[in-house]
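# Structural overview
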Amino acid sequence: MAEDVAGIRLGGRERRLAPHEIVVSKTDPKGIILYANDVFCRISLFREDELVGSPHNIVRHPFMPAVVFRLMWQRLKAREEVFAYVVNRCRNGDHYWVLAHVTPTIGHDGRIIGYHSSRRAPPGGIPSDVLALYRKLGAIEQRETSRRRGMEAAWPHLMEALAPWQGDVSAWTLALVARMAHHTTVPSRVPQSEARPHALA
Ligand SMILES: Cc1cc2nc3c(=O)[nH]c(=O)nc-3n(C[C@H](O)[C@H](O)[C@H](O)COP(=O)(O)O)c2cc1C
């Protein structure tokens, strides 16, 4: 098993998105995938016909705490957009990290008719805060005898961590994105011949 960042073993190898690549999916109101773009298929190693029609947890990685998805769904159902760091599992057991932006789609009658998510490579990498919090929440969940009990036990710890952001996972995530952006050194002048997105990596 390959070792990932901060000594956390996630299984398989890490696959990385190029800086210009965006993983897109659309789901119905229950999270069944209706659309997957070619970047999603390529990074996850699933075929389009395997993704479309499947629940979105087809790419769920066991390192992701269930309670993070509970919070995500709560906010989506309240018609809020969600930004979050997520690690996903590929068809062959490899994994890839993303910075996800998930939004509800509202129909003409005002009801939620589906969801849309676009994700990109986390700029500057994965903040150690994310690894530490997800690891802690996952460990708390695993100590419990059921998934429901696990989420109940982990919930106060998630809320405590997000307290400075009033429990808003997106505000926490975007604060970390801003911090990580300072760590990324982008050349101030890029020669025209190299002015392609991957030249800035
Ligand atoms: C638009 C949209 C995109 C999602 N993307 C992911 C994703 O990339 N990875 C993931 O594990 N769950 C994703 N989810 C959440 C899953 O639906 C599910 O809640 C999560 O995988 C937890 O699965 P579980 O309830 O079986 O534990 C997404 C949900 C929506 C609505």
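Below: a short report on this structure. (Residues numbered from 1 in each chain as written. Predicted model: local features only at pLDDT ≥ 70, side-chain atom pairs only at ≥ 80, totals over all residues.)

A few words now on the sheet that holds strand β2 (residues 33-36). The antiparallel open sheet is built from five strands, whose spatial order is β2-β1-β5-β4-β3. Edge positions in the sheet fall to β2 and β3 (82-89), since each of these pairs with one other strand and no more. Adjacent strand axes in the sheet meet at a mean angle of 30°, parallel and antiparallel pairs treated alike. Here helix α3 (residues 66-77) sits on the sheet and contacts β3, β4 (95-106) and β5 (112-120); the angle it forms with β3, its principal contact strand, is near 140°. The sheet strands contacting helix α6 (residues 169-183) are β3 and β4, and the helix crosses β3 at an angle near 80°. (Pairing = 2+ DSSP bridges. Helix = DSSP H or I, 4+ residues; strand = E, 2+ residues; numbered from the N terminus. Axes fitted to C-alpha atoms, helices over the stretch in contact; angles between N-to-C directions. Contact = placed C-beta atoms within 7 Å.)

Moving on, we come to the site of the ligand. Near the ligand you find 16 residues, and of these Gly 31, His 56, Asn 57, Arg 60 and Tyr 115 are the closest. Sorting the residues of the shell around the ligand by element identifies β1 (23-27), α3, β3 and β5 as the ones contributing at least two each. The element contributing the most residues to the shell around the ligand is β5, with three residues. Among the residues forming the shell around the ligand, the class breakdown is seven nonpolar, eight polar and one charged. (Near = placed C-beta within 6 Å. Nonpolar A, V, L, I, M, F, W, Y, C, P; charged D, E, K, R; others polar.)

Of the pairings in the sheet, the one linking β1 to β5 comprises five bridges and is antiparallel in character. What sits directly across from Thr 27, in β5, is Tyr 115. Here eight bridges tie β4 to β5, and the two strands are oriented antiparallel to one another. Note that in β5 the partner of Pro 104 across the bridge is Tyr 115. Two successive antiparallel strands, β4 and β5, enclose a turn made up of five residues, where Gly 110 displays a positive phi of approximately 90°.

With that settled, the discussion passes to helix α5 (residues 147-162). Helix length check: α5 (16 residues) gives 22 Å between terminal C-alpha atoms against 22 Å at 1.5 Å per residue, within 8%. The principal kink in α5, of about 30°, is found at Ala 154, preceding the proline Pro 156 by one to four residues. The inward-facing, buried residues of α5 contact α3 and α4 (128-143). (Expected span 1.5 Å × (residues − 1). Bend = angle between axes of the 7 residues up to and from the residue.)

A few words now on the packing of α4 against α5. Helix-helix packing: each pair is described by the crossing angle between the helix axes and the interaxial distance. At a minimum axis separation of 7 Å, α4 and α5 run at an interaxial angle of 155°. It follows from the interaxial angle that α4 and α5 lie roughly antiparallel. As for how α4 packs across α5, the hand of that crossing is right-handed. Counting all contacts with α4, which are made through Leu 133, Lys 136, Leu 137, Ile 140, Glu 141 and Gln 142, the residues of α5 involved are Gly 150, Met 151, Ala 153, Ala 154, His 157, Leu 158 and Ala 161. Of the residues that constitute the contact of α4 with α5, the class distribution is eight nonpolar, three polar and two charged. (Parallel < 35°, antiparallel > 145°, perpendicular 65-115°, else oblique. Left-handed = near helix turned anticlockwise from the far one by under 90°.)

Here the focus is the nonpolar core. The biggest cluster of nonpolar side chains holds 37 residues, and the ones touching the most others in it are Ala 84 and Leu 137. Elements that contribute at least two residues to this core include exactly β2, α1 (38-44), α3, β3, β4, α4, α5 and α6. Ala 84 has contacts with Val 68, Met 72, Ala 100, Val 169 and Thr 173, leaving out every residue within four places of it along the chain. (Core = buried A, V, L, I, M, F, W, Y, C linked by C-beta atoms within 7 Å. Buried ≥ 20, exposed ≤ 12 C-beta atoms within 10 Å, placed from the backbone.)

Here the focus is the packing of α3 against α5. It is at 8 Å that the axes of α3 and α5 come closest, and there the two elements cross at 75°. Looking at the two axes, α3 sits roughly perpendicular to α5. For the pair α3 and α5, the contacting residues are Ala 66, Val 67, Arg 70 and Leu 71 in the first and Arg 147, Gly 150, Met 151, Ala 154, Trp 155 and Leu 158 in the second. Classifying every residue of the contact of α3 with α5 by side-chain character gives seven nonpolar, one polar and two charged.

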